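Structural overview for review
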Amino acid sequence: MANIKEMAAHSQIDPRFGSGHSLCRGCGIPSIVRTVLSSIPGPVAVINATSCLEVATTRYPFTAWKIPWMHVAFENSAAVASGVEAAYHALKARGELSEPMTLVVFAGDGGTYDIGLQALSGALERGHRFIYVCYDNEAYMNTGIQRSSATPFGASTTTSPAGRAAMGKPEPRKNIVEIVAAHRIPYVAQAAMSHWQDLSNKVQRAYHAEGPAFLNVLSACPPGWGHEPRDAVRVVRLAVDSGYWPLVEVIEGHWRLSYRPSERVPVMQWLTLQGRFRHLFQPDQEEALEKIQTIIDDEWERMTQRDAQSASWFASEQARRWEVLPTLPDSWEPRLGEPMWEHFRKTPNPA
Amino acid sequence: MLEIRFHGRGGQGAKTASQLLAVAFLEAGRFVQAFPEYGPERTGAPMMAYTRVDERPIRLHAAISEPDVVVVLDPSLVLEQNVTEGLGSQGFLVVNSGGLGSRVILPDIEGIVLAVPADELAEKSGTRHANTVMAGAVAALLGEPSLEQLLGAVDDVLARLPESLRLHNRQSVQEGYTYGVNALRTLDASSAKKPVHPAPQPARDTQAAHGPKLGRAGALIRPGDYPVPLTGGWRMGKKPAVFLNRCVNCLLCWQFCPDGAVVVDGTTFLGFDYAYCKGCEICDAVCPTKAVVMIDEESPVGSLGQLKEVSAS
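The rules behind each value
- The numbers attached to residues start from 1 for each chain and follow its sequence in the written order.
- Labels follow written order: the first chain is A, the first ligand is 1, and so on.
- At least 70 in pLDDT is required for a residue's local features to be given in this predicted model, at least 80 for side-chain atom pairs to be given and counted, and no such filter applies to totals for whole chains, interfaces and linings, which use all residues.
- To obtain the side-chain values, all non-hydrogen atoms of the structure were included, while hydrogens and water were left out.
- Here a helix means four or more residues in a row that DSSP labels H or I, a strand means two or more in a row labelled E, and each is numbered from the N terminus.
- Burial here depends on accessible area, computed with a 1.4 Å probe over protein chains only, as a share of the maximum for the residue type. Under 20% is buried, over 50% is exposed, and the range in between is partly exposed.
- Residue contacts are counted whenever heavy atoms from the two residues lie within 4.5 Å of one another.
- Residue-level accessible areas treat just the shown protein chains as cover; the underlying method is Shrake-Rupley with a 1.4 Å probe.
- Only strands joined by at least two bridges in the DSSP assignment are considered to pair.
- Between N-to-C directions, angles cover 0 to 180 degrees, with each direction set by a line fitted to C-alpha atoms, over the stretch in contact for helices.
- Note on residue categories: nonpolar means Ala, Val, Leu, Ile, Met, Phe, Trp, Tyr, Cys or Pro, charged means Asp, Glu, Lys or Arg, and polar means any other residue, Gly included.
- UniProt positions are given in the numbering used here, feature names are shortened, and annotations may be inferred rather than shown by experiment.
- Should a side-chain nitrogen of Lys or Arg be within 4 Å of a carboxyl oxygen of Asp or Glu, the pair is scored as a salt bridge.
- Note on ring pairs: Phe, Tyr and Trp rings are taken, using the six-membered ring of Trp, and paired if centres are within 6.5 Å. Classes follow the plane angle, with under 30 degrees stacked, over 60 edge-to-face and the rest tilted.
- Cation placement over rings: the criterion is NZ of Lys or CZ of Arg within 6 Å of the ring centroid and within 35° of the ring normal.

What about the overall build of chain B?
Scanning chain B from N- to C-terminus turns up 9 helices and 11 strands. In chain B, which comprises 313 residues, the share counted as buried stands at 47%. Considering only residue pairs separated by 6 or more positions, chain B has 64% of its internal contacts joining residues 24 or more positions apart. A total of about 14,900 Å² of accessible surface is found on chain B, and carbon and sulfur atoms cover 53% of it.

See the structure below:
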């Protein structure tokens, strides 16, 4: 387990993701990326699907990444991760690489819920070992706030606009955690940017998983959700505290709630902070508001039932080994492929 | 052919201003083009927009590299970018002096340089955006399009806005136009084409940020070897500062800062790196002891944004 100070110290010993990217003011993504990367001991390589994170951190000729990083298309990040993992094993078998490697995939909700779903499903079924992190900002923010299948019921986006004829997106969001859990992989979790300790613990469990691990992390998006940049953490925290975004994990098929708000706040508090739900507060929209609360209550009920069902498993010996989390190193470790980079460094740059 | 280049930040309306001028020129019977240029940038990132005007159909569709007029919507861009690149000696530069007034730094160039207090004029007209003011000022300096054509263009380009907002924008165009007409008179009277301020010295950090040029696309670079662009210029008038005596070193600001602008030594909080801080105020929002405060960009601070508590006694 790593606390905030250990993560801060680790991120200085081994910087992995830095400043100087062009993500928005108040964006939730960098906090997620930093927490994920600084919770993992040892060398890390990143596969990044096309997304806000990708375009804004690697504007030619700049980069905010300080570790091996590869950009691939929306649809094939999990497939490429499978290939990188296979190549790593091949190099290791031939004796050309000796270090351990943690492979992390970052993709947005568009690249995970929609476009990258088949590649993800294939990679999960084949059992490649990587940590797939979906940072979920609930729409295609990079291309200008179009609805995705992660967009919640009632939210207004440019392709599900609120107006006289419609009241935002008429369909509820897809439950990606259940879809991924149906692949029976060792570790699946849902986390939120506001609950960093919970997120860090889940990353470390995913690090231990001998097979694919999947994390769905709620980000914040000031321009897309229509809130002040300074409210980013507050908005995400309310999503968790209202039960809209339950923090769950599925370990070897057993569901549990990793965090239970002492009292669930009405979802209204979360909705009122965001411009994308503004139209729901018109006089004739009570029905939609009730529907949102019902969707959340039903989901919460389902989660607590599952949590109760697996209580005995979590008390078992088998579950206990998941509670042992790695500690972060306090001195510098060699990075992945260091000797290879030395070779390139000696080659003069054709200016 | 007349070529106008707008420098602005995402969200300031440079694209709208370029379209506004183009539509007004169209009314005046010219052939026009207007288009923005930006990368994967976000609200606050530097971007450009172009307007091309000619008496004949325009066959050129490239970005404008040798503009006749350069319009800068944000004074901080003068330090961050080479805004006068390609601007000829006959050209002119119009800079929004923002809240800086006469302290705005203007580049030392041959042509006419004019600072317009566009933020003030916009506020007077009831809008937050200086773009329409600047469009008015440019039209006045050029002598074309006319104010009427420009006001018609406001209704056309901003047709999707409510009438009340269009009204404010018409007013701000008018303010800008009047300012431009008056400025032109003073320029004629003194016949001086010289700026009143010395050439800016780009900040050391800015030079570092641009770094060496990469040899070719697809070149392999060692992770972490390449410099990163600075994003401190994205702030909109407020910066964070800290009273260290109130700080309990919880590092929540470090955790949630999107820009890695919180400076930590080992496990100890030190302050802020203004070269990267975009001014989102998250550090202020999450600070449990109110040690972090948002202050005016111009206020003096100690190193890393540290402040000394003034005792009441």
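Some remarks on the sheet that holds strand 4 (residues 131-136) of chain A
What links the strands of a sheet is backbone hydrogen bonding, and the strands pair in either a parallel or an antiparallel sense. Residue and element names in this part refer to chain A. A sheet is described by the order of its strands in space; here 8 strands give the open sequence 2-1-3-4-6-5-7-8, paired in mixed fashion. Looking at which strands have only one partner, the edges of the open sheet turn out to be strand 2 (69-72) and strand 8 (254-257). Strand-to-strand twist of the sheet, defined as the mean angle between neighbouring strand axes without regard to direction, takes the value 20 degrees. Alignment of strand 1 (residues 44-49) against strand 3 (residues 102-108), held across 5 bridges, turns out to be parallel. Residue pairing in the sheet places Ala-45 in a bridge with Leu-103 of strand 3.

Details of the packing of helix 4 (residues 77-93) of chain A against helix 6 (residues 117-126) of chain A
Residue and element names in this part refer to chain A. Where helix 4 contacts helix 6, the axes come no closer than 7 Å and their chain directions differ by 35 degrees. Judged by residue contacts, Ala-78, Ala-79 and Ser-82 of helix 4 engage Ala-119, Leu-120, Ala-123 and Arg-126 from helix 6. A class-by-class count of the residues in the contact of helix 4 with helix 6 yields 5 nonpolar, 1 polar and 1 charged.

Notes on helix 2 (residues 29-38) of chain A
The buried fraction of helix 2 of chain A is high, at 10 of 10 residues. For helix 2 of chain A, the full list of buried residues reads Ile-29, Pro-30, Ser-31, Ile-32, Val-33, Arg-34, Thr-35, Val-36, Leu-37 and Ser-38 of chain A.

What about the sheet that holds strand 3 (residues 46-54) of chain B?
Residues and elements named next belong to chain B. Ordered by their spatial adjacency, 6 strands build an open sheet running 2-3-1-4-5-6, and the pairing between neighbours is mixed. Each of the sheet's edge strands pairs with one partner strand only, and the pair in question is strand 2 (31-37) and strand 6 (112-116). Here the average twist between neighbouring strands, direction ignored, is 15 degrees. In this structure, strand 4 (residues 69-72) lies alongside strand 5 (residues 92-96), joined through 4 bridges in parallel fashion. Bridged to Val-69 within strand 5 is Phe-92. Here helix 4 (residues 131-142) sits on the sheet and contacts strand 1 (2-9), strand 4, strand 5 and strand 6; the angle it forms with strand 5, its principal contact strand, is near 155 degrees.

Comments concerning the UniProt feature "domain: Thiamine pyrophosphate enzyme TPP-binding" (unreviewed entry) in chain A
Those places that UniProt annotates as "domain: Thiamine pyrophosphate enzyme TPP-binding" (unreviewed entry) correspond, in this numbering, to residues 53-217 of chain A. In residues 53-217 of chain A, the share of helix is 35% and the share of strand is 17%. The end C-alpha atoms are 14 Å apart.

Structural notes on the pattern of salt bridges
Per the stated rule, a full pass over the model turns up 33 salt bridges over all chains. One salt bridge connects Asp-284 of chain B with Arg-230 of chain A, and the closest N-O pair in it is separated by 2.8 Å. A residue pair is termed interchain when its members come from two chains, as with Asp-284 of chain B in helix 9 (residues 282-286) and Arg-230 of chain A in the loop between helix 9 (222-226) and helix 10 (232-241). For the salt bridge of Glu-323 of chain A with Arg-256 of chain A, the shortest nitrogen-to-oxygen distance reads 3.1 Å. With a gap of 67 residues between them, Glu-323 of chain A in the loop between helix 14 (317-320) and helix 15 (338-346) and Arg-256 of chain A in strand 8 connect regions that are remote in the sequence. For Glu-323 of chain A, a relative accessible area of 40% puts it in the partly exposed group. Where salt bridges share partners, they join Asp-136, Glu-138, Arg-173 and Arg-276 of chain A into one cluster.

Looking at the environment of Leu-53 of chain A
Residues and elements named next belong to chain A. Looking at the secondary structure, you find Leu-53 in helix 3 (residues 52-57). Measuring from C-alpha to C-alpha, the distance between Leu-53 and Pro-30 comes to 8.1 Å, with 23 residues separating the pair along the chain. Sequence-distant contacts of Leu-53, that is, excluding residues within four places in its chain, are made with Phe-17, Leu-23, Ile-29, Val-33, Asn-48, Trp-65, Phe-106 and Tyr-135.

A look at the packing of aromatic side chains
Two numbers describe a pair of aromatic rings. These are the distance of the centres and the angle of the planes. Under the definition given, this model contains 13 aromatic pairs over all chains. Here the aromatic rings of Trp-313 of chain A and Phe-314 of chain A are separated by 5.0 Å at their centres, their planes lie at 85 degrees, and the arrangement is edge-to-face. Across this residue pair, the class does not change: Trp-313 of chain A and Phe-314 of chain A are buried. Ring centres 5.7 Å apart and planes at 75 degrees place the aromatic pair Phe-269 of chain B and Phe-272 of chain B in the edge-to-face group. In this structure Phe-269 of chain B comes out as buried when scored by relative accessible area, which is 5%. Residue Phe-272 of chain B is classed as buried on the basis of its relative accessible area, which comes to 3%. Within the aromatic cluster, the residues linked to one another by ring pairs are Phe-17, Trp-65, Trp-69 and Phe-106 of chain A. Between Lys-239 of chain B and the ring centre of Tyr-274 of chain B, over which it is positioned, the NZ or CZ distance is 5.2 Å.

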